[in-house]
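# Chain and residue survey
Now for the letters of each chain:
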Amino acid sequence: MIGKGLLAYIDDVTIYSKTFDEHLQLLRKIFARLRKENLFLKPSKCTIATDRIQILGYVVDKDGLKTDPLKVAAVARFPRPVDRNYEPMKLESEKES
């Protein structure tokens, strides 16, 4: 099932499909397999039949894969380091003759 409508990473399970009907079929199969193996899902952590997910620092939707703007914003807001003793290295072409 993994790679054919199902992705698993540690304790995350992602089910994907092209159509809603296909999605329902996959859900039935996967729920049956989980039940057979005595594995459980926590309903409060489940999102079912959505057209957009955030996973591993990315957003996946109908337009494809993008970096998660919340993660990028955190890096962009990070304060720039300040080193008062830093002197930028000059390129050979910039050195005085």
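Residues numbered from 1 in each chain as written. Predicted model: local features only at pLDDT ≥ 70, side-chain atom pairs only at ≥ 80, totals over all residues. Heavy atoms only, no water.

### Focus on the environment of Ser17
Relative to the assigned elements, Ser17 resides in the loop between strand S2 (12-15) and helix H1 (20-36). Taking the C-alpha atoms as reference points, Ser17 and Ala49, separated by 32 residues in sequence, lie 9.5 Å from one another. Not counting chain neighbours up to four residues away, the residues in contact with Ser17 comprise Glu22, His23 and Leu26. A polar atom in the side chain of Ser17 sits 3.1 Å from the backbone oxygen of Thr19. There is a polar contact of 3.1 Å between the side chain of Ser17 and the side chain of His23. (Helix = DSSP H or I, 4+ residues; strand = E, 2+ residues; numbered from the N terminus. Contact = heavy atoms within 4.5 Å. Polar contact = N/O pair within 3.5 Å; in protein donor to acceptor, adjacent residues only side chain to side chain.)

### Regarding H1
With 17 residues, H1 extends 24 Å from end C-alpha to end C-alpha; this agrees with the ideal 24 Å at 1.5 Å per step. The inward-facing, buried residues of H1 contact strand S1 (6-9) and S2. Count one or two residues on from H1 and you reach Asn38, which has phi positive near 55°. (Expected span 1.5 Å × (residues − 1).)

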